[in-house]
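# Commentary on secondary and tertiary structure
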Amino acid sequence: MGKFINPFTDVGFKRIFGQEVSKPVLIAFLNALLAEERTIVEVKFLDKEQVALTSDDRSLIYDIYCETETGEHIIVEMQNKYQPYFKKRSIYYLSRSIVEQGEKGREWNYDIKAVYLVAFLNFRMSDISDEFRTDVALMDMKQRTLFSDKVRLIYLQLPYFTKEADECSTVFERFIYVLQHLDILERMPWAAQNSVFEKLASIAEVASLDKEERRQYDENIRAYRDTNIVMEGQFIEGERKGRAEGKQEANMENARRMKADGMPTELIAKYTGLTSDDINML
């Protein structure tokens, strides 16, 4: 086992993002994530972890109440574990955090605080873009402008982050590199240049786990590896299905053109692999 914990296990994620001692690391990460948008100066954990809503929901979700340098308050939900219908669930969780801000009585004027959901995905999802970072917000579709800054979903698909350590030029990139490789690192990079990475190293050492935490961590590791195997298999199958569907669509389009040019059905079938019935229906 490596020197540092796997941050995408329940124990690892909680130590890095869900406890009082990790606040400096959490604030630094969020400011790197939201660079040039907001500067967070303080965080408060609203709930240590949300209670699962259904029996198949085993994710840890941390509600973090953040105060910016301008006095603005935003709620950040941090989530790291795959669930069935992940995209739909992430929208549901974010919506729940908005609804829970409601107050009784006529005096309340719907002064809701912005809610950001940050989802760490140590796997690839087939139903969002094939990029490392996907930012989702409410948009005026005609004007292509931001409709409201009260809702934000940020998905970070780590398998698409491929930079090496010497290629990471920003604090955010360095955070992602460390999180992605933490459980195989022998030393913490950039610890000498940035005290936040030095702090992260002290929090994330396997040797710092007590006996019960170590037992839970060992269980987490086994579950994490099983989940990754399943997710990678689903992704490969999704890619295979997508390629097959794409090829079929291309064959249909070629057949339409051939048919429009008057080519005989039997030749169209030969060159496209479509059946005569398929071609006649075009």
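Note that this is a predicted model, so its numbers are computed, not measured. (Residues numbered from 1 in each chain as written. Predicted model: local features only at pLDDT ≥ 70, side-chain atom pairs only at ≥ 80, totals over all residues. Heavy atoms only, no water.)

Here the focus is helix H3 (residues 86-99). Helix length check: H3 (14 residues) gives 20 Å between terminal C-alpha atoms against 20 Å at 1.5 Å per residue, within 8%. Of all the positions in H3, only Phe86, Arg89, Ser90, Tyr93, Leu94, Arg96, Ser97 and Ile98 are classed as buried. (Helix = DSSP H or I, 4+ residues; strand = E, 2+ residues; numbered from the N terminus. Expected span 1.5 Å × (residues − 1). Buried < 20%, exposed > 50% of the residue type's maximum accessible area, 1.4 Å probe, protein only.)

With that settled, consider the nonpolar core. In terms of nonpolar packing, the biggest core is built from 55 residues, with Phe29, Phe120 and Leu156 touching the most fellow members. At eight residues, the largest contribution of residues to this core is made by helix H2 (residues 23-33). Once residues within four sequence positions are removed from consideration, leucine 156 is found in contact with Phe29, Leu33, Val118, Ala119, Phe120, Leu121, Phe132, Arg133, Phe172 and Ile176. By size, the runner-up hydrophobic cluster in this structure holds 17 residues, among which are Trp108, Val115, Leu117 and Val151. (Core = buried A, V, L, I, M, F, W, Y, C linked by side-chain atoms within 4.5 Å. Contact = heavy atoms within 4.5 Å.)

Looking now at the packing of helix H4 (residues 171-181) against helix H5 (residues 195-204). Describing two packed helices takes the angle between their axes plus the distance from one axis to the other. For the pair H4 and H5, interaxial distance at closest approach is 12 Å and the crossing angle is 15 degrees. Compared by their axis directions, H4 and H5 come out roughly parallel. You can see that H4 and H5 cross each other, and the crossing is right-handed. Along its contact with H4, which presents Val171, Arg174, Phe175 and Val178, the element H5 presents Val196, Phe197 and Leu200. Its residues assigned to classes, the contact of H4 with H5 comprises six nonpolar, no polar and one charged. (Axes fitted to C-alpha atoms, helices over the stretch in contact; angles between N-to-C directions. Parallel < 35°, antiparallel > 145°, perpendicular 65-115°, else oblique. Left-handed = near helix turned anticlockwise from the far one by under 90°. Nonpolar A, V, L, I, M, F, W, Y, C, P; charged D, E, K, R; others polar.)

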